[in-house]
Amino acid sequence: MPQDALTLLHALCWTGSAQPSTFTLDWLMEEDSMTLRFERHCQQVTVQPYREGFITSAELSEEERAQLPDEARFWLREIILSGDGVPWLAGRTLVPESTLDGPEAMLSQMGTRPLGRYLFSSSTLSRDFITIGQIDGLWGRRSRLRLSDKPFLLTELFLPAAPVYSQLSQGK
């Protein structure tokens, strides 16, 4: 499942005619911490890192390159985030090496901690945009965020068991 989810994450289509339901769109356009939102729907949110380390710009997609500064190296973190042990989200974070200067170096040291717990505790966090995409009936989103005005890219694919697809979980 994790490798399949990460493969789908890489294949997200960012243009298309399909529109999410109002309920799903509310999740996709969430500007606050997705980790905190998930925590309202389970007892425990956990993160399983699958790939972490520096990659070259040649390993980025054209779309990713277009959203990030022209640099030689990027910190990559690919994870599966689960709610109560059930995979809910595949995530891919790309951080230009120049962003990892000062306190932002923490972005390369997240380990099993959810990114949202770190990001949304910072007073210097801003978001440039959220783009939504779809693959095989699953929804995803991409955001360029900034810490102290230093950019990085976060791509998230909501997996089938995620509460983003269940209107029943709306009242929780």
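Since this is a predicted model, take the numbers as computed values, not measurements.

Caption draft 1: Up close: the pattern of salt bridges. Following the criterion strictly, the structure yields 15 salt bridges and no others. Residue Arg37 is joined to Asp26 by a salt bridge in which the shortest nitrogen-to-oxygen separation is 2.6 Å. Of the two residues, Arg37 sits in helix H3 (residues 34-39) while Asp26 sits in helix H2 (residues 22-28), which places them 11 residues apart along the sequence. Judged by its relative accessible area of 9%, Arg37 falls in the buried class. The exposure class of Asp26 is partly exposed, given its relative accessible area of 46%. Residue Asp128 pairs with Arg144 through a salt bridge whose shortest N-O separation is 2.6 Å. Of this pair, Asp128 sits in strand S4 (residues 125-135) while Arg144 sits in strand S5 (residues 138-147), placing them 16 residues apart in sequence.

Caption draft 2: Representation of the packing of aromatic side chains in the model. Going through the model one piece at a time under the given rule, you end up with four aromatic pairs. Ring plane angle 85° and centroid distance 5.2 Å describe the contact between Phe54 and Trp75, whose orientation is recorded as edge-to-face. Highlighted residues: Phe54 in strand S1 (residues 45-56) and Trp75 in strand S2 (residues 73-83), separated in sequence by 21 residues. Judged by its relative accessible area of 36%, Phe54 falls in the partly exposed class. Ring pairs connect the aromatic residues Trp27, Phe38, Trp88 and Phe158, which therefore count as one cluster. Taking NZ or CZ as reference, Arg37 lies 4.1 Å from the ring centre of Trp27, over its face. Sitting above the plane of the Phe54 ring, Arg73 keeps its charged end 3.9 Å from the centroid.

Here is what the cut-offs are and how they apply
Residues numbered from 1 in each chain as written. Predicted model: local features only at pLDDT ≥ 70, side-chain atom pairs only at ≥ 80, totals over all residues. Heavy atoms only, no water. Salt bridge = Lys/Arg side-chain N within 4 Å of Asp/Glu carboxyl O. Helix = DSSP H or I, 4+ residues; strand = E, 2+ residues; numbered from the N terminus. Buried < 20%, exposed > 50% of the residue type's maximum accessible area, 1.4 Å probe, protein only. Phe/Tyr/Trp six-rings, centres within 6.5 Å; stacked < 30°, edge-to-face > 60°. Lys NZ or Arg CZ within 6 Å of the ring centre and 35° of its normal.

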